[in-house]
Amino acid sequence: MVPHLITALTGPINELEQRILDSMPAIERWFRLEWMEHSPPFYTSVDIRNAGFKLAPVDTNLFPGGWNNLTSEMLPLAVQAAMAAIEKICPEARNLLLIPENHTRNTFYLSNVAQLQRIFNMAGLNVRIGSINPEVTKSMDIELPSGQSITLEPVLRSKYRVGLKDFDPCTILLNNDLSAGIPGILEDLHEQHLLPPLHAGWSTRRKSRHFQSYEDVAKPFGKMLGIDPWLINPLFTQCGEVDFSNGTGMDCLVTSVDMLLGKIRRKYKEYGIKEKPFVVVKADNGTYGMGIMTVRDAKDLEVLNRRTRNKMSVIKDGQAVNEVIIQEGVLTHEQINEAVAEPVVYMLDRYVVGGFYRVHADRGVDENLNAPGASFVPLAFDESMHLPQPGAKPGASVPNRFYMYGVIGRLAMLAASYELEKTDPAAEVYE
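Calculation rules
Residues numbered from 1 in each chain as written. Predicted model: local features only at pLDDT ≥ 70, side-chain atom pairs only at ≥ 80, totals over all residues. Heavy atoms only, no water. 1 Å grid on protein atoms, 1.4 Å probe; cavity = no way out; pocket = protein on both sides within 12 Å on 5 of 7 lines; lining within 4 Å. Points joined across faces, edges and corners; volume = space filled by probe spheres on them. Helix = DSSP H or I, 4+ residues; strand = E, 2+ residues; numbered from the N terminus. Nonpolar A, V, L, I, M, F, W, Y, C, P; charged D, E, K, R; others polar. Buried < 20%, exposed > 50% of the residue type's maximum accessible area, 1.4 Å probe, protein only. Pairing = 2+ DSSP bridges. Axes fitted to C-alpha atoms, helices over the stretch in contact; angles between N-to-C directions. Parallel < 35°, antiparallel > 145°, perpendicular 65-115°, else oblique. Left-handed = near helix turned anticlockwise from the far one by under 90°. Contact = heavy atoms within 4.5 Å. Disulfide = S-S within 2.5 Å. Expected span 1.5 Å × (residues − 1). Arc of directions from axis to C-beta. Phe/Tyr/Trp six-rings, centres within 6.5 Å; stacked < 30°, edge-to-face > 60°. Salt bridge = Lys/Arg side-chain N within 4 Å of Asp/Glu carboxyl O.

Enquirer: Tell me about empty space enclosed by the protein, residues and numbers included.
Expert: For the structure shown, the criterion picks out four cavities of 30 Å³ or more. Taken as a whole, the largest cavity spans an internal volume of roughly 210 Å³. If you list the elements that add at least two residues to the lining of the largest cavity, you get β1 (43-50), β2 (55-61), β12 (279-283) and β14 (324-328). By residue class, the composition of the lining of the largest cavity is six nonpolar, five polar and ten charged.

Enquirer: Give me the pairing of β1: which residues, what numbers.
Expert: Burial runs high along β1: eight of the eight residues are buried. Of the two faces of β1, both are covered, the one formed by Tyr43, Ser45, Asp47 and Arg49 as well as the one formed by Thr44, Val46, Ile48 and Asn50. Pairing analysis gives five bridges linking β1 to strand β16 (residues 339-348), with the strands arranged antiparallel. Each residue of the ladder has a partner; that of threonine 44, found in β16, is methionine 347. Pairing of β1 with β2, which is carried by six bridges, proceeds in the antiparallel orientation. Bridge assignment links arginine 49 to a residue of β2, and that residue is alanine 56.

Enquirer: Tell me about the packing of helix α2 (residues 24-37) against helix α5 (residues 207-225), and please be specific about residues and values.
Expert: At their nearest, the axes of α2 and α5 sit 11 Å apart, and the two run at 150° to each other. In terms of their interaxial angle, α2 and α5 are classed as roughly antiparallel. Where α2 crosses over α5, the two elements pack in a sense that is right-handed. The segment α2 lies against α5, with Ala26, Ile27 and Trp30 engaging Val217, Pro220, Phe221, Met224 and Leu225. Taken together, the residues of the contact of α2 with α5 break down into eight nonpolar, no polar and no charged.

Enquirer: Tell me about the state of the cysteines, residues and numbers included.
Expert: Any covalent bond linking the sulfur atoms of two cysteines counts as a disulfide. One pass over the structure, following the stated rule, counts one disulfide. Bridging cysteine 239 to cysteine 252, the disulfide has an S-S length of 2.1 Å. Between cysteine 239 and cysteine 252 the disulfide shows an S-S torsion of about -100°. By sign, it is left-handed. Linking cysteine 239 in strand β11 (residues 236-239) with cysteine 252 in helix α6 (residues 250-271), this pair joins segments that are 13 residues apart in sequence. Judged by its relative accessible area of 0%, cysteine 239 is buried.

Enquirer: Let's hear about the packing of helix α3 (residues 75-89) against helix α4 (residues 107-122): which residues, and what values?
Expert: Contact geometry for α3 and α4: axes closest at 8 Å, N-to-C directions at 65°. Read as a crossing pair, α3 and α4 show a hand that is right-handed. Packed against α3, whose contacting residues are Leu75, Ala78, Val79, Ala82, Met83 and Ile86, the element α4 presents Gln115, Arg118, Ile119, Phe120 and Met122 at the interface. Looking at side-chain class alone, the contact of α3 with α4 contains nine nonpolar, one polar and one charged residues.

Enquirer: Before we move on, could you go through the pairing of strand β6 (residues 149-154) and cite the residues and values that matter?
Expert: Pairing of strand β4 (residues 126-131) with β6, which is carried by three bridges, proceeds in the parallel orientation. The residue bridging glycine 130 from the neighbouring strand is glutamate 153, located in β6. Strand direction decides the pairing type here: strand β5 (residues 140-143) and β6, joined by four bridges, are antiparallel. Each residue of the ladder has a partner; that of aspartate 141, found in β6, is threonine 151. As consecutive antiparallel partners, β5 and β6 are separated by five residues, and within that stretch glycine 147 has a phi angle of approximately 100°, a positive value.

Enquirer: Can you break down α3 residue by residue, with the values?
Expert: Taking 1.5 Å of rise per residue, 15 residues should cover 21 Å, and α3 covers 21 Å from first to last C-alpha, within 8% of that figure. Looking at α3, one finds that the buried residues are Leu75, Ala78, Val79, Ala81, Ala82, Ala85 and Ile86. One side of α3 holds all its buried residues, which, seen down the axis, span an arc of 165°. Opposite the buried face of α3, at more than 90 degrees from it, the exposed residues are Pro76, Gln80 and Glu87.

Enquirer: Lay out the layout of surface pockets with the relevant residues and their values.
Expert: There is about 720 Å³ of room inside the second largest pocket. As for the second largest pocket, its lining consists of 27 residues, of which Leu194, Pro196, Pro197, His199 and Asp424 are closest to the centre. Where the lining of the second largest pocket is concerned, the elements lending two or more residues are α3, β10 (193-195) and α9 (398-423). Tallied by class, residues from the lining of the second largest pocket come to 16 nonpolar, five polar and six charged.

Enquirer: Quick one: what's the story with the packing of aromatic side chains, residue by residue and with numbers?
Expert: To describe a pair of aromatic rings, you give the distance between the ring centres and the angle between the ring planes. With the rule as written, the count across this model stands at 14 aromatic pairs. On the numbers, 6.1 Å between centres and 25° between planes, the contact of tyrosine 43 with tryptophan 67 is stacked. With a gap of 24 residues between them, tyrosine 43 in strand β1 and tryptophan 67 in the loop between β2 and α3 connect regions that are remote in the sequence. The pair formed by tyrosine 43 and tryptophan 67 is uniform in burial state, with each residue classed as buried. Considering the side-chain rings of phenylalanine 53 and tyrosine 268, the 5.4 Å spacing of their centres and the 80° angle between planes classify their relative orientation as edge-to-face.

Enquirer: Before we move on, can you summarise the pattern of salt bridges with the specific residues and values?
Expert: With the rule as written, the count across this model stands at 16 salt bridges. Its salt-bridge partner being arginine 49, residue glutamate 342 comes within 2.9 Å of it at the nearest N-O pair. Here glutamate 342 is found in strand β16, whereas its partner arginine 49 is found in strand β1, with 293 residues between them in sequence. Judged by relative accessible area, which is 3%, glutamate 342 ranks as buried.

If you want it as structure tokens, here you go:
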């Protein structure tokens, strides 16, 4: 199924699409050489915005949910990629323990867990689902909206290993982003592969660090293509000590927003873009679309109402926000049935395996779409991701656009690889 898309068909993105298609052999070789030097994250999803004049990632998730939103046609690709990933890490693997988020009542999230279980089961592994939620003290079956059910079991810790009753896994797959911190039950494991590693969780990760790594990737990639890296890279800055609830640290925020808006205006002027620039302020360690606001003028920050302050001061698992990233806002000019949409690309190991459009009928082109009320329309990556249509008019070919999204998604995944290398606690020993 290929969704009907309405996209801005003029401007630099069409030139970028043409440049990417013309450079396809060089791009694939470039990625191949990068993956010889760097290990991809185990799995990744990337939110992308296509403004017509700019195409850039705006968020990269290393514990992606939403696998249930991919089409069944994408399943063989995901299974193949899962096989490659497991073979690299633990070729003799037989048992895999999947550890989900703690919110056991969210059946839509658990449908995603069931899909992951299916993918790795088809990749040749015995997969069981273990909860680290202290409230899960015995095995429980949960009915899903699809009519299927999944079984959650309490995770048990021995001296150096985790598992379930009568189940000793060599590989543990986390689908829990560790927003609330690193649980002791997962620390100091021996001879078990924990994927992704603990330092990939939000207790360690920072969006600003990720986008610095993305900038480090976008510059050489842009040079190779002969393009301005800004066309694929959102400008950003960061503020440390901010407290929205009592209003401290707001000076840094106002100054940073003003400075970034100035930089964006200069870029818009350079490219003759008539749109009004905006920035997005996000919790630097945030997730789930929480702790996010759009700002079009620094003066707006001086009159934040209590509701906005409250929304910005706390994120998932009740974590207080005191560090924020201020990111260049990228419009989305994609629509499905007249509702604003943005593509989300899914990867397993170094392979693009699918994706979907996040669609929100009640949000504007400059707003966060990862919010209650969003719906999902699958992308047709299954046949088109590696099969662009040379010769098709730029902007007119859906497979070409999907290939382009896959390239941007992989750039963000490579940036995440750089980021994880820099924050790996084990690497410090060898410096």
